[in-house]
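Listed below are the residues making up each chain.
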Amino acid sequence: MRILYKMRNLILVYMVLNIGFNAEAKNQYQYLYKDLPFSMPLVKVPVFKNNKVSVEKFGGVGDGITLNTNAFAKSMDALAAKGGGTLIVPKGIWFTGPIVFRSNINMHLEKGAVILFSPDFNLYPIVETIFEGLDTRRCQSPISGRNLVNVAITGQGSINGYGEAWRPLKKNKVTASQWKKMIGAGGVVKNNDTWYPSESSFKGSQISDMNVPRQNLTEQEWLEIKDFLRPVMVSFIECKNVYLQGVLFENSPSWNLHPLMCENVILDGLFVRNPGYSQNGDGLDLESCRNSIIVNCTFDVGDDGICIKSGKDEPGRRRARPTENVIVDNCKVFQGHGGFVVGSEMSGGVRNISVKNCQFLGTDVGLRFKSTRGRGGVVENIYISDIYMFNIETESFLFDLYYGGKSAVETLEDGDETPTEEKLLPVTEETPVFRNIFVKNLVSRNARRAMLFNGLPEMKINNIQIEDINITAQYGAELSNSKDIVFKNVHIVPQNGSALILKDVENFISENFTYPSGLEKPIDLKQNGNSNISISGKKYK
């Protein structure tokens, strides 16, 4: 009896431990919800059936030469017929055309596995899709899935989109030897400053607005510009339970990762990489998605790093699907036009976003909010904390409501002046709104400018609260067309000029705003439009 009693106790202990382990495994992201300032469902990793097949079983050869498009398709079909499971990609270089996902499948790249997509444009048919917030047509994405449930890409391998075959190249973004090598490989050079892969690619650029053809084209005309229709590398549209973990995604034809109108998205431990010169080489564009987690990821790209979008102009407003309930934690962004970015395509709205414990190391801008008249949409309830920046090329914190398509560095290099306008246009559904944005515990060293808030006179940036901030920069903070702004414990060290410039600002309250002694004019209040300004207890107007 004593032996049976001991065995029973051991079994009970095992059951308790096992239940606890399973609960922890199922809720591995629950720690991110502590003190979350908005309500958000707990997002869990999708579970897959215990069916496993290798792409080798269906004729795949990882020799870097054999085209494995059919092997991947057959593997997907076989797993789908069993109700799903895991598609194993062993070590090797798996040269292939497009891979189309099915529901309930985890494509797992083992250590040493490289999926290399073919540069043969003929393998990528033109399909109906959404790009830069607009309904349009593009070439099929190297990896895609639509209206699926439970899809994953996991493991320790790499995925390469062979983007250099697709992307145009600007001469001023590369070295002389790189430029010489590119133009020597063929393609078309226009104005001696831009290389295109083909005449078809150049022709498409001439009839497009921000990379999207805006004319009604015949089928033949679409085919004539096919080379211009660069796809995003990973396109999941209207999918539920999307999980990307551990993999390197690099060298995309256009944007790298583009979850669109998806629900329950997890990105964990990814390395997302593009050359610094890559046109539209965004890392992540999360568009019109609900309930997303981006954690422990590293981005080193040619455009925006972590970007939140929700459609563009009237089509985006008509879609009316905001990006909402997003947690970004412990991510690093190296090269990129922006570290954390909202816009410019935000016409469907953006709300309930938490960004914490991130590092932006050498990006053009740290926190970048961008839009323009015509977009409409409301960006609100953004909570940002514990952000650390170094060597920011332009602004540590930027609101640009006059965005015209250039990066902040390109705008600076081209000598474009910061737009300012006193004329109030009517407020309509086309007027973008940015409000209720909270930033706390931010340190930035060696930026060009501490902050630039540039709102619209008819719809000022509203209710921005900034607390516990330390920034060293060439220039201080400049705010215009902003309202209900709160600074608390903000310290700015400019090398040149004022620490704070206000123009057309209403209801500005600062507690303990500090700057180095000896500044000739530490606070510059422009004489037009400021009202109800209070800085460290002193009221100015």
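Above this text you will find the structure in question.
Note that the structure is predicted; figures quoted are calculated from it, not measured.

(A) Examining the overall build of the protein more closely. Helices and strands together make up the secondary structure of the protein, namely seven helices and 39 strands. On C-alpha atoms alone, the protein measures out to a radius of gyration of 25 Å, which is about the 24 Å that the 2.2 N^0.38 rule sets for 541 residues. Structurally, the protein occupies a C-alpha span of about 80 × 75 × 45 Å along its principal axes. For the protein, buried positions account for 56% of its 541 residues. Intrachain contacts of the protein at a sequence separation of at least 6 include 70% that bridge at least 24 residues. Counting only carbon and sulfur atoms, one obtains 50% of the accessible surface of the protein, whose full area is about 23000 Å².

(B) The pairing of strand E7 (residues 126-131), seen in detail. Both E7 and strand E8 (residues 134-139) contribute to a ladder of six bridges, which runs antiparallel. Bridge pairing in E8 places Phe 131 opposite Leu 134. Counting the residues that bridge the hairpin from E7 to E8 gives two residues, and of these Glu 132 lies at a positive phi of roughly 50°.

(C) Inspection of the side chain of Ser 201 at higher detail. Within the fold, Ser 201 resides in helix H4 (residues 199-206). Assessed through its relative accessible area of 2%, Ser 201 is described here as buried. If we ignore the near neighbours within four places in the chain, the residues touching Ser 201 are Tyr 196, Asp 227 and Phe 228.

(D) Local environment of the pattern of salt bridges. Counting across every chain of the model gives 26 salt bridges. Among the salt bridges present, the one from Glu 238 reaches Arg 321, with a minimum N-O distance of 3.0 Å. With a gap of 83 residues between them, Glu 238 in the loop between strand E17 (234-237) and strand E18 (240-245) and Arg 321 in the loop between helix H6 (313-319) and strand E27 (323-329) connect regions that are remote in the sequence. A relative accessible area of 32% means that Glu 238 is categorised as partly exposed. The salt bridge involving Lys 460 is made with Glu 506; its shortest N-O contact spans 3.0 Å. Taken together, the residues Lys 460 in the loop between strand E34 (433-454) and strand E35 (461-494) and Glu 506 in strand E36 (residues 500-511) connect sequence positions 46 residues apart. Of the residues examined, Lys 460 reaches a relative accessible area of 14% and is grouped as buried.

(E) Region of the structure containing the state of the cysteines. Evaluation of the coordinates by the stated rule reveals zero disulfides. In this structure Cys 289 is a free cysteine whose sulfur lies 4.8 Å from that of Cys 262, the closest cysteine sulfur available. The exposure class of Cys 289 is buried, given its relative accessible area of 0%. With no disulfide partner, Cys 358 has as its closest neighbouring cysteine sulfur the one in Cys 331, 4.9 Å distant. By relative accessible area, which is 0% here, Cys 358 ends up buried.

(F) How the structure looks around the pairing of strand E6 (residues 113-117). Taking burial as the measure, the five residues of E6 include four buried ones, the bulk of the element. The pairing of strand E3 (residues 92-96) with E6 spans five bridges and is parallel. Among the inter-strand pairings, Gly 92 is bridged to a residue of E6, identified as Ala 113. Bridging between E6 and strand E11 (residues 158-160) involves three bridges; their strand directions are parallel. Among the inter-strand pairings, Leu 116 is bridged to a residue of E11, identified as Asn 160.

(G) The sheet that holds strand E14 (residues 194-196), seen in detail. Sheet architecture is open: three strands sit in the order E12-E14-E13, paired in antiparallel fashion. Since the sheet does not close on itself, it has two edges, and those belong to strand E12 (169-170) and strand E13 (188-190), each with one partner. Two strands pair when backbone bridges link them, and E12 and E14 are joined in this way by two bridges, in the antiparallel orientation. Considered in E14, the bridge of Leu 169 is made with Trp 195. Lying over the sheet, helix H3 (residues 176-184) contacts E12, E13 and E14, oriented at roughly 35° with respect to E14.

(H) Structural view of the layout of surface pockets. Here the largest pocket defines a volume of roughly 1200 Å³. Taken together, 45 residues make up the lining of the largest pocket; nearest its centre are Lys 170, Lys 173, Gln 279, Gly 405 and Glu 410. Within the residue set of the lining of the largest pocket, elements represented by two or more residues are E14, strand E15 (208-209), strand E31 (367-370) and helix H7 (408-413). For the lining of the largest pocket, the element with the highest residue contribution is H7, accounting for three residues. Broken down by class, the residue content of the lining of the largest pocket amounts to nine nonpolar, 18 polar and 18 charged.

How each quantity is defined
- Residues numbered from 1 in each chain as written.
- Predicted model: local features only at pLDDT ≥ 70, side-chain atom pairs only at ≥ 80, totals over all residues.
- Heavy atoms only, no water.
- Helix = DSSP H or I, 4+ residues; strand = E, 2+ residues; numbered from the N terminus.
- Rg over C-alpha atoms; globule rule 2.2 N^0.38 Å.
- Buried < 20%, exposed > 50% of the residue type's maximum accessible area, 1.4 Å probe, protein only.
- Contact = heavy atoms within 4.5 Å.
- Areas by Shrake-Rupley, 256 points an atom, 1.4 Å probe, with all protein chains shown as cover.
- Pairing = 2+ DSSP bridges.
- Salt bridge = Lys/Arg side-chain N within 4 Å of Asp/Glu carboxyl O.
- Disulfide = S-S within 2.5 Å.
- Axes fitted to C-alpha atoms, helices over the stretch in contact; angles between N-to-C directions.
- 1 Å grid on protein atoms, 1.4 Å probe; cavity = no way out; pocket = protein on both sides within 12 Å on 5 of 7 lines; lining within 4 Å.
- Points joined across faces, edges and corners; volume = space filled by probe spheres on them.
- Nonpolar A, V, L, I, M, F, W, Y, C, P; charged D, E, K, R; others polar.

Taken by themselves, the reported measurements are silent on function.
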